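Here's the letter readout for the chains.
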Amino acid sequence: MAVRPQDTWYVSLSPAKRAFSRSTETFRSELKAKEFAKQKLAETQNVSAGTLNPHLPKRVISSAQMIQWLEEPTATDTAP
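Residues numbered from 1 in each chain as written. Predicted model: local features only at pLDDT ≥ 70, side-chain atom pairs only at ≥ 80, totals over all residues. Heavy atoms only, no water.

Caption draft 1: Inspection of the overall build of the chain at higher detail. For the chain, the helix and strand inventory stands at three helices and four strands. Starting at the N terminus, the α and β elements of the chain follow one another as β-β-α-β-β-α-α. For the chain, the residues scored as buried account for 36% of the 80 residues in total. Sequence separation of at least 24 residues holds for 48% of the intrachain contacts in the chain that already meet a minimum separation of 6. Of the roughly 5500 Å² of accessible surface on the chain, a fraction of 55% belongs to carbon and sulfur atoms. (Helix = DSSP H or I, 4+ residues; strand = E, 2+ residues; numbered from the N terminus. Buried < 20%, exposed > 50% of the residue type's maximum accessible area, 1.4 Å probe, protein only. Contact = heavy atoms within 4.5 Å. Areas by Shrake-Rupley, 256 points an atom, 1.4 Å probe, with all protein chains shown as cover.)

Caption draft 2: Inspection of the confidence of the model for the chain at higher detail. Across the chain, the average pLDDT comes to 85, with 81% of residues at 70 or higher. Ranking the helices and strands of the chain by mean pLDDT puts strand 4 (residues 60-61) first, with 96, and helix 3 (residues 75-78) last, with 57. (pLDDT = per-residue confidence, 0-100.)

Caption draft 3: Local environment of the environment of Arg-59. Relative to the helices and strands, Arg-59 resides in the loop between strand 3 (47-51) and strand 4. Taking the C-alpha atoms as reference points, Arg-59 and Ala-49, separated by 10 residues in sequence, lie 8.1 Å from one another. Among the polar contacts listed, one links the side chain of Arg-59 to the side chain of Glu-72, at a separation of 3.5 Å. (Polar contact = N/O pair within 3.5 Å; in protein donor to acceptor, adjacent residues only side chain to side chain.)

Caption draft 4: Representation of the environment of Leu-56 within the structure. Tracing the chain through its elements places Leu-56 in the loop between strand 3 and strand 4. For Leu-56 and Thr-8, which are 48 residues apart along the polypeptide, the C-alpha to C-alpha distance reads 9.2 Å.

Caption draft 5: Main features of the environment of Glu-35. Position of Glu-35 relative to the elements: it lies in helix 1 (residues 30-41). The sequence separation of Glu-35 and Leu-70 amounts to 35 residues, and the corresponding C-alpha distance is 8.5 Å.

Here it is as structure tokens:
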């Protein structure tokens with residue numbers, strides 16, 4: 001995974017068939033990260049997300065919090 005300078009969010013997942021492997025993608029926006037996470041939840045329930053350092057405020061979304069996070073409005077959702 002190569003982190004691009006403008007990326008501020010990541011989504012990480014473990015495929016159901018491979019318990020010890022993880023795949024991570026990075027995104028420029030929370031909205032794009034949410035879209036990707038929603039797609040991956042159809043394949044596996046082990047999906048987590050968060051912000052990359054040094055982005056503040058720091059967010060870590062566990063797999064147990066994933067549905068709640070996906071339902072939260074993003075900054076672009078609330079813009080006029």
